[in-house]
Amino acid sequence: MRRLAPIVLTAALLAACSGPGEQPRPGEPAPRPATSPSFTTTAPTASTPEASHTAEPAVEESQGASPEVPETHEFTVIEHEAYSEPWAMEFLPGSDLLAITERGGALKLRSPDGTVREVSGVPEVRVAGQGGLGDLIAGPTFETDGTVYLSWVERGDGGSGAVIGTATLDTEAATLSNVTKIWEQSPKVDGNGHFSHRMAIQGEHLFVSSGDRQKMDPAQEMDNTLGKILRLTLSGQPAADNPFQEDSPAAQQFWSMGHRNPLGLAFDADGRLWASEMGPQGGDELNLIKPGLNYGWPDASNGSHYGGGEIPDHAEGDGFEPPKVFWTPSISPGSLMIYQGSLFPAWKGDAFLGGLSGKRLIRVDLDGENATEAENWPMNARIRAVEEGPDGTIWLLQDGDGGKLLELRPR
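Treat the numbers as computed from the prediction; the structure is a model and nothing was measured.

Chemist: In this structure, what is going on with the overall build of the protein? I would like to understand it.
Modeler: Of the regular secondary structure elements, the protein holds 1 helix and 26 strands. Expressed as a percentage of its 411 residues, the buried residues of the protein come to 56%. Considering only contacts within the protein whose residues lie at least 6 apart along the sequence, 60% involve residues at least 24 apart.

Structure (structure tokens):
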């Protein structure tokens, strides 16, 4: 494992920033200046890579008293190997392996010592624009039968669309078998953007984010699954108690509607579903997702159309659910993680978003159903994915060809 000189970032409340955005995302303004955190660079220590995994949070304990939880944390950034357009990662339960997908269609298994193996048997994917191999999550029975859920883009009549499939992952042999498609975006359309296809499982239900495919109006229509967040059974069927049962077969899958490009789904400790979503030119969002609600796109947004066309802002009484936090100019959130670990105790329960155009990591304080941006740290690269490790470390994937895997540990 290669180690960079650790970057130490101190607590600082920062403004969000913007950039060129998730491709294609033309016409955004230049980034506004952001307050830089105070940081220092120190020389690498002489300890082995394995020794770095013994780091503990900087929390002082007094005998007989509960540990004092700090307001925030300083951390070091450890750089690991690079990947080709990495898109998602998942720590596989019951193992010490990290699964990483690459947009071009490869699935990799990473061991703690940095050994990386490519998995065979991955389905053929349509690679174009934002499309390709997407998300991977372990099924509830992964430890006993190796079941995983994957998302990818396929070509079909009328264009392309995202699909969800199940498969059996044999981690010892590095093989994927029994690939079975259980859901697909409908309809397939032309274009190569806004597939979204993030997934999350809660109990017996699979939640899927389905982007508007850059067509806008379908997000407000009931006869298609574009621009929606869906709640399905684990076999890909509409859940029986979804909020739109009286409507079309497509609408029977909906949990919420009026979404543009939701690229992050995560549950908090109390079971609330949150989603990060890319707006147009500005208006990126963090939403608390509730059944049956309409989140407004394209009829309401705190951003503007590319080229400056106006969109009505979210306003009380407009019939749409507003975001809990929004960013204008854009940060282009490509992922979402809600921290539940103990290595960074001050951050427990908080949301972390990776900024693509923003090239930063953003922390949002969650307090029940309320949310407030708390901190953000410049990372000098587009951040595609954020994940929590089994030991409470925070892991990031840089976007693009040669995107590196980064590990964040308390200083």
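Chemist: Looking at this structure, how should I read the environment of Pro243?
Modeler: Residue placement: Pro243 occurs in the loop between β14 (228-233) and β15 (254-257). Using a relative accessible area of 29% as the deciding quantity, one classes Pro243 as partly exposed. Residues Pro243 and Trp255 lie 12 residues apart in sequence; the distance between their C-alpha atoms is 6.6 Å. With sequence-adjacent residues up to four places away left out, Pro243 is seen in contact with Phe254, Trp255, Pro291 and Gly292.

Chemist: Help me understand the layout of surface pockets in this model?
Modeler: Using a probe with the size of a water molecule, rolled over the atoms, empty space left in the structure can be pinpointed. Of the pockets and cavities examined, the largest pocket occupies roughly 730 Å³. Glu90, Ile137, Leu265, Ala266 and Glu387 are the residues nearest the centre of the largest pocket, which is lined by 30 residues in total. When contributions to the lining of the largest pocket are tallied by element, the ones reaching two or more residues are β4 (86-91), β8 (133-138), β12 (196-202), β16 (261-267), β20 (337-338) and β24 (383-388). The element contributing the most residues to the lining of the largest pocket is β16, with 5 residues.

Chemist: Even after reading the chapter, I still don't get the pairing of β4, so can you show me in this structure?
Modeler: Residues in a regular strand point their side chains to alternate faces of the sheet. For β4, a buried count of 6 out of 6 residues is recorded, marking the element as mostly surrounded by other parts of the structure. Sheet topology note: the β4/strand β5 (residues 98-102) ladder contains 5 bridges and is antiparallel. By the bridge assignment, Met89 is partnered in β5 with Ile100. Here β4 folds back onto β5 in antiparallel fashion, the turn holding 6 residues, of which Gly94 has a positive phi close to 75°.

Chemist: Sorry if this is basic, but what is going on with the side chain of Glu81 here?
Modeler: Mapped onto the secondary structure, Glu81 falls in strand β3 (residues 75-84). Here the side chain of Glu81 touches Tyr83 through a polar contact of 2.5 Å, side chain to side chain. Those residues in contact with Glu81, other than ones at most four positions away along the chain, are Arg110, Gly114, Val116, Gly403, Lys404 and Leu405.

Chemist: Hey, could you run me through the environment of His314 in this one?
Modeler: In this structure, His314 sits in the loop between β18 (284-289) and β19 (325-327). Looking at His314, the relative accessible area reads 15%, which means it is buried. The spatial distance from the C-alpha of His314 to the C-alpha of Asp299 is 8.9 Å, given a sequence separation of 15 residues. The residues contacting His314, other than those within four sequence positions of it, are Glu285, Tyr295, Gly296, Ala300, Ser301, Asn302, Phe320, Glu321, Pro322 and Pro323.

Chemist: I tried to follow empty space enclosed by the protein on my own but got confused; where do I start?
Modeler: If you walk through the whole model with that rule in mind, you get 2 cavities of 30 Å³ or more. Considered as a void within the structure, the second largest cavity measures approximately 40 Å³ in volume. For the lining of the second largest cavity, the class distribution of residues is 5 nonpolar, 4 polar and 3 charged.

Chemist: Where do I start with the pattern of salt bridges in this structure?
Modeler: Side chains that differ in sign of charge can pair as their charged atoms come close. Taken as a whole, this structure holds 20 salt bridges when the rule is applied. Here Glu81 ties to Arg110 by a salt bridge, and the two come within 2.5 Å at their closest N and O atoms. Taken together, the residues span a long stretch of sequence, with Glu81 in strand β3 and Arg110 in strand β6 (residues 107-110) at a distance of 29 residues. Here Glu81 matches Arg110 in class, with each residue buried. Ionic pairing is found between Asp391 and Arg409, a salt bridge with its closest N-O pair at 2.7 Å. With Asp391 in the loop between β24 and β25 (394-398) and Arg409 in strand β26 (residues 401-410), this residue pair connects regions lying 18 residues apart in the sequence. Overall, the relative accessible area of 37% leaves Asp391 in the partly exposed class.

Chemist: Just checking my understanding: could you explain the confidence of the model for the protein for this structure?
Modeler: A low pLDDT score tells you not to read the predicted coordinates there in detail. Looking at the protein, the pLDDT average stands at 87 and 84% of residues meet or exceed 70. The lowest-confidence element of the protein is strand β2 (residues 39-41), averaging 28 in pLDDT; the highest-confidence one is β20, averaging 99. Low pLDDT (under 50) marks residues 1-21, which in the prediction has 100 contacts with non-local residues, meaning those over four places away or in another chain. Across residues 26-64, where pLDDT falls below 50, the model places 77 contacts with residues more than four positions away in sequence or in other chains.

Analysis parameters
- Residues numbered from 1 in each chain as written.
- Predicted model: local features only at pLDDT ≥ 70, side-chain atom pairs only at ≥ 80, totals over all residues.
- Heavy atoms only, no water.
- Helix = DSSP H or I, 4+ residues; strand = E, 2+ residues; numbered from the N terminus.
- Buried < 20%, exposed > 50% of the residue type's maximum accessible area, 1.4 Å probe, protein only.
- Contact = heavy atoms within 4.5 Å.
- 1 Å grid on protein atoms, 1.4 Å probe; cavity = no way out; pocket = protein on both sides within 12 Å on 5 of 7 lines; lining within 4 Å.
- Points joined across faces, edges and corners; volume = space filled by probe spheres on them.
- Pairing = 2+ DSSP bridges.
- Polar contact = N/O pair within 3.5 Å; in protein donor to acceptor, adjacent residues only side chain to side chain.
- Nonpolar A, V, L, I, M, F, W, Y, C, P; charged D, E, K, R; others polar.
- Salt bridge = Lys/Arg side-chain N within 4 Å of Asp/Glu carboxyl O.
- pLDDT = per-residue confidence, 0-100.

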